[in-house]
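The primary structure of each chain is shown beneath.
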Amino acid sequence: MIRIYFWQQMLTPHMTALAISLSKIGYEIFYVAETSLSKDRQDLGWEVQNTEKINVHFAKDHFSVKSLIQNSPANSIHICQGLRNNGIISYVQKQLKINKSRQWLIIETIRDHGIQRFIRRVLYKIITHSKSKSIEGILAIGWKTPELLIKSGFSSEKIFPFSYFIGPYKNTKPKDHIKNDKFRFIYVGSLVSNKNLDLLIKALSLLKSYKFELIVIGDGPKKKAWKNYADELIPNRSFWKGAYKMSEVYQFINVADCLVLPSKHDGWGTVVSESLISGVPAICSDTCGVAEVVKLSNYGGVFKSGNIEDLVKNLKVVLDDGPLEKKERQKLLSWSKKITSDEGANYLKKIINFIDGKGERPKSPWNEY
């Protein structure tokens with residue numbers, strides 16, 4: 001049995017779901033975090049599954065980190081969060097290199113736009129040069145991440161497209177669609193500038209001839225300003241529900257017709273995954289890591305980040321098509337099994353086998369068929 005260590009800054013639902021699924025197929029899992037789930041993440045509705053089937057450790061100092069590494073079996077795989085700005089994980093990576101342990105990285109979508117773009121690229125090349133030889137494999141989250149890592153200097157042979165795989169189905173089938181004469185758009189997430197919700201509001205204001213409503217789930221510093229903006233541009237068409245736990249958000253997604261994530265940047269965009277496994281199409285910007293999955297789902301769409309004309313075009317397509325019938329929702333839900341944690345665990349097993357010379361290089365689940 002191979003032991004897998006997840007070295008993370010925090011105990012999060014994004015990674016614990018995968019860890020739990022890996023334990024179900026025979027791996028011994030050690031999830032090592034610097035802290036538990038932070039209050040600000042809890043306020044956003046994040047929840048962690050029952051972790052009793054995995055070994056959870058909190059490593060708050062260098063001594064505990066060093067001890068865990070030195071006592072790990074020689075064939076253990078250590079999957080570390082990120083390349084930089086990752087708290088105690090930087091020390092973990094140094095110790096793994098000294099110990100000559102099997103070190104892997106999990107890296108989400110890199111910000112590759114804005115005035116810091118070229119500085120960031122140079123920085124990544126410097127980091128890559130110093131670390132690449134000690135890295136056995138890289139799980140690259142986000143559709144553009146593999147390409148950017150290759151440009152930074154990592155070998156393409158070590159890079160595997162990956163995602164934040166979410167927990168098992170919370171719904172076995174879509175609910176009967178509740179009849180409504182208005183098309184329901186839904187936004188779920190924090191109300192901060194990066195999420196770009198005002199762009200969606202403005203885009204919808206250009207489609208007033210259609211019957212639609214916008215449901216907003218979340219909270220944050222931009223709530224008041226954006227609500228006032230919506231009241232001005234799309235009066236009586238937006239409904240602000242506040243923040244809910246992840247397990248409660250499904251009740252709103254289930255009765256929506258399309259989820260929209262207009263972010264300027266999102267490492268993945270887990271709420272899009274949650275929408276797809278409910279059989280609800282999604283529209284997201286091309287700077288969201290989940291964009292490739294949305295494209296391959298054959299529903300919803302991907303628009304150029306910050307481009308209102310392209311967003312309006314995508315919104316108009318789903319409005320013209322109308323709500324999916326139950327049969328189509330079931331089709332989308334079935335396809336979305338590819339982004340659940342059980343599928344992710346099987347995919348990682350194939351990656352490990354490939355690295356160990358026991359099989360062919362696997363395709364990501366969403367690209368498999």
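Residues numbered from 1 in each chain as written. Predicted model: local features only at pLDDT ≥ 70, side-chain atom pairs only at ≥ 80, totals over all residues. Heavy atoms only, no water.

## Some thoughts on the overall build of the protein
- When helices and strands are counted, the protein shows 14 helices and 13 strands.
- For the protein, buried positions account for 54% of its 369 residues.
- For the protein, the proportion of contacts with a sequence separation of at least 24, taken over those separated by at least 6, is 74%.
- Summed over its atoms, the accessible surface of the protein is roughly 16900 Å², and 50% of this surface lies on carbon and sulfur atoms. (Helix = DSSP H or I, 4+ residues; strand = E, 2+ residues; numbered from the N terminus. Buried < 20%, exposed > 50% of the residue type's maximum accessible area, 1.4 Å probe, protein only. Contact = heavy atoms within 4.5 Å. Areas by Shrake-Rupley, 256 points an atom, 1.4 Å probe, with all protein chains shown as cover.)

## What about the nonpolar core?
- With 92 residues, the main nonpolar core has Phe6, Phe162, Phe185 and Leu315 as its most contacted residues.
- In contact with Phe162, other than residues within four places in its own chain, are Leu18, Ile106, Leu139, Ala140, Ile141, Gly142, Trp268, Gly344, Tyr347, Leu348, Ile351 and Trp366.
- Membership of the second largest hydrophobic core comes to 23 residues, among which are Trp7, Cys80, Ile88 and Ala140. (Core = buried A, V, L, I, M, F, W, Y, C linked by side-chain atoms within 4.5 Å.)

## Observations regarding the packing of aromatic side chains
- Taken as a whole, this structure holds eleven aromatic pairs when the rule is applied.
- Note on Phe160 and Phe354: the rings are 6.0 Å apart at their centroids and 80° apart in plane angle, and the pair reads as edge-to-face. Taken as a pair, Phe160 in strand 7 (residues 159-162) and Phe354 in helix 14 (residues 341-355) lie far apart in primary sequence, 194 residues in all. In terms of burial, Phe160 and Phe354 fall into one category: buried. (Phe/Tyr/Trp six-rings, centres within 6.5 Å; stacked < 30°, edge-to-face > 60°.)

## Some details on helix 13 (residues 326-335)
- Burial in helix 13 covers these residues: Arg329, Leu332, Leu333 and Trp335. Projected onto a plane normal to the axis of helix 13, the buried residues spread over an arc of 165° and lie on a single side. For helix 13, exposure combined with an orientation more than 90 degrees from the buried face picks out Lys327 and Lys331.
- Against the buried residues of helix 13 lie helix 10 (270-276) and helix 11 (291-297). (Arc of directions from axis to C-beta.)

## Here's the deal with the sheet that holds strand 8 (residues 183-188)
- Overall, parallel pairing links the six strands, which are arranged 10-9-8-11-12-13 in an open sheet. Of all strands in the sheet, those bounded by a partner on one side alone are strand 10 (238-242) and strand 13 (301-303). Averaged over neighbouring strand pairs, the angle between their axes works out to 20° when direction is ignored.
- Across four bridges, strand 9 (residues 212-217) lies against strand 10 in parallel orientation. (Pairing = 2+ DSSP bridges. Axes fitted to C-alpha atoms, helices over the stretch in contact; angles between N-to-C directions.)

Limitation: the analysis is restricted to geometry and does not speak to function.
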